[in-house]
Amino acid sequence: MECSVGFHLRFSDGTLHAHKSKRSQESIISAQSTDRTGHTDPSPQIATDSSFLHKRNKESSMQMIRSAFSWITSYFTTEAPAANEPPPGNEPPPGNEPPPAKKPPPAKKAPPAAPSILQRIFRCLKPAQKKPAKRTRKPRKLKAITDWKTRITRFLLVLLFAAVLVHYTHLSIWVHGVQQQMTTLSQQMSRLSPVADNMANFAQESQGARVLHRLSSDTFRTMIRDIIVDKLLSWFTSSTDHQKVIRDNSRSPPGERWCFAGTEGHLVVSLSHSIKVTHVTLGHITKQQSLTGEVNAAPKRFSIYGMAKEDARGILLGTFEYDQDGPATQTFEVHHEPEDDFSHVELRIRSNWGDEEQTCLYNFRVHGRRV
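What you see is a predicted model, and the numbers here were worked out from it, not measured in a lab. (Residues numbered from 1 in each chain as written. Predicted model: local features only at pLDDT ≥ 70, side-chain atom pairs only at ≥ 80, totals over all residues. Heavy atoms only, no water.)

Enquirer: Looking at this model, I keep getting lost on the overall build of the protein chain. Mind explaining?
Expert: Broken down by element type, the protein chain carries six helices and 11 strands. Looking at the protein chain as a whole, 24% of its 371 residues qualify as buried. Long-range contacts, defined here as pairs at least 24 residues apart, represent 75% of the contacts in the protein chain between residues at least 6 apart. Approximately 28,900 Å² of the protein chain is accessible, and the part contributed by carbon and sulfur atoms is 58%. (Helix = DSSP H or I, 4+ residues; strand = E, 2+ residues; numbered from the N terminus. Buried < 20%, exposed > 50% of the residue type's maximum accessible area, 1.4 Å probe, protein only. Contact = heavy atoms within 4.5 Å. Areas by Shrake-Rupley, 256 points an atom, 1.4 Å probe, with all protein chains shown as cover.)

Here it is in structure tokens:
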């Protein structure tokens, strides 16, 4: 008994394809295995035909899938037939062709469809790409002007840098020269400054030195009453006028002096320590400091004597001369330094520079080495 069950597909070209189902294929296999007498042949050929038919069935299925895919592709790619065009196989005769139909106006483009969910996800995952900015081409003239401005600016900057460098070089040279001049002036000032300022002074009131008034000349007085008072006080206390010459003022102002009558006088100083005398210093005002422009009362020739005790006989250390045109403070070196040390020094003034009434002294210092 045979049964043929299948399905039919019509394609755009009007062809018809028939595919038998699996049940019809099995009936064919059973029919082929039956001989003319109606008996079946249970031979091994049946298995071979079954495998062959199975392979053929597989190939026909693949062919059917290819045909369906090609039909779907041609359906969406080929244009649909016009409304007045007859179906294939029913073309009108050549003499009775209908007039050509007017083409319909072009349809408006549909708005773009909204992006799907997957497209939105891909947009979020994909980094946004910035569009490169469009470069606007400048005109050639404007570019040339810009180049010239840039060159001029660079040239001015280089010129300014060179000017600053030159100015800095000149300034550094000038500062170096000023430093050298200051160093030279300081050296000259140190040379011109009194040498006594750089040596120890043992005839200084603040260190314990004092003037022995009773062994020194009297202070110059113009009134008899003042002379009597000085004589009486000299037995009990030291005169303040004598102490002026050993005070701490290295440069006494005009008027702060000690004067004695006449051109000859002496002054005995008790030193703060026993020393070997090496230098002595005598001080007076200069002619420029004097109101009259003269220093006639300044001492001229004087001698220095060293004394071991207050009442001992003095030993001559040297005779010197004070220069009225020289500096205010003048230091003299003792060339023949004795071996003995002295606690007292006597200053004997032999003459002055022309004043017959009085001789004045502003400062007296004694320098040396302690024993």
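Enquirer: Whenever I open this one, the packing of aromatic side chains confuses me. Can you help?
Expert: Aromatic ring pairs are described here by two measures, namely the spacing of the ring centres and the angle between the planes. Within this structure, the stated rule accounts for four aromatic pairs. Pairing Trp258 with Phe260 gives two aromatic rings, centres 5.5 Å apart and planes at 45°, and the pair type is tilted. Look at Phe260 and you get buried, because its relative accessible area is 1%. Aromatic pair Phe302 and Phe332: ring centres 5.4 Å apart, planes at 70°, arrangement edge-to-face. Taken as a pair, Phe302 in strand S6 (residues 301-307) and Phe332 in strand S8 (residues 329-333) lie far apart in primary sequence, 30 residues in all. Using a relative accessible area of 1% as the deciding quantity, one classes Phe302 as buried. (Phe/Tyr/Trp six-rings, centres within 6.5 Å; stacked < 30°, edge-to-face > 60°.)

Enquirer: Sorry, what's going on with the confidence of the model for the protein chain here?
Expert: Any region with low pLDDT has predicted coordinates that should not be read closely. For the protein chain, mean pLDDT is 75; residues scoring 70 or higher make up 61% of the total. At the level of individual helices and strands, the protein chain shows its lowest average pLDDT in strand S1 (residues 6-10), which scores 41, and its highest in strand S9 (residues 342-349), which scores 95. Overall, residues 1-47 carries pLDDT values under 50, and its contacts beyond four positions in sequence, including any with other chains, amount to 41 contacts. In this model, residues 79-85 is a region of pLDDT below 50 whose contacts with residues beyond four sequence positions or in other chains number one contact. (pLDDT = per-residue confidence, 0-100.)

Enquirer: Any chance you could explain the side chain of His344 here in plain terms?
Expert: Mapping His344 onto the fold places it in strand S9. Side-chain polar atoms of His344 contact the side chain of Ser343, separated by 2.9 Å. When sequence neighbours within four positions are dropped, the list of residues in contact with His344 reads Leu212, Val269, Ser270, Leu271, Tyr305, Gly306, Met307, Lys309 and Glu310. (Polar contact = N/O pair within 3.5 Å; in protein donor to acceptor, adjacent residues only side chain to side chain.)

Enquirer: Is there a simple way to explain the environment of His344 in this structure?
Expert: The buried category is assigned to His344, whose relative accessible area is 10%. Remark: the alpha-carbon pair of His344 and Leu212, spanning 132 residues in sequence, is separated by 9.7 Å.

Enquirer: Even after reading the chapter, I still don't get the pattern of salt bridges, so can you show me in this structure?
Expert: Charged atoms that come close allow side chains of opposite charge to pair. According to the stated counting rule, one finds seven salt bridges in the structure shown. A salt bridge links Arg221 to Asp241; its shortest N-O distance comes to 2.7 Å. Separated by 20 residues along the polypeptide, Arg221 in the loop between strand S3 (210-211) and helix H5 (224-233) and Asp241 in helix H6 (residues 240-243) bring together distant segments of the chain. When its relative accessible area of 27% is taken as the criterion, Arg221 is described as partly exposed. For Asp241, a relative accessible area of 15% corresponds to the buried category. Residue Glu346 is joined to Arg348 by a salt bridge in which the shortest nitrogen-to-oxygen separation is 2.8 Å. The class for Arg348 is partly exposed, based on a relative accessible area of 32%. Look at the salt bridges and you will find they share partners, linking Arg221, Asp241 and Lys244 into a network. (Salt bridge = Lys/Arg side-chain N within 4 Å of Asp/Glu carboxyl O.)

Enquirer: How should I be thinking about the state of the cysteines in this particular structure?
Expert: A covalent bond between the sulfur atoms of two cysteines is referred to as a disulfide. Per the stated rule, a full pass over the model turns up one disulfide. Covalent S-S linkage joins Cys259 and Cys360, the inter-sulfur distance amounting to 2.1 Å. Here Cys259 and Cys360 share a disulfide; its torsion about the S-S bond, 105°, makes the bridge right-handed. A residue pair is termed long-range when its members are at least 10 positions apart, and Cys259 in strand S4 (residues 258-261) and Cys360 in strand S10 (residues 358-361) qualify at 101 residues. Taking relative accessible area as the criterion, Cys360 reaches 0% and is therefore assigned buried. (Disulfide = S-S within 2.5 Å.)

Enquirer: Can you walk me through the environment of Gln243 in this structure?
Expert: Here Gln243 is to be found in helix H6. Overall, Gln243 belongs to the buried group, its relative accessible area being 6%. Separated by 34 residues in the primary sequence, Gln243 and Ala209 have C-alpha atoms spaced 9.4 Å apart.

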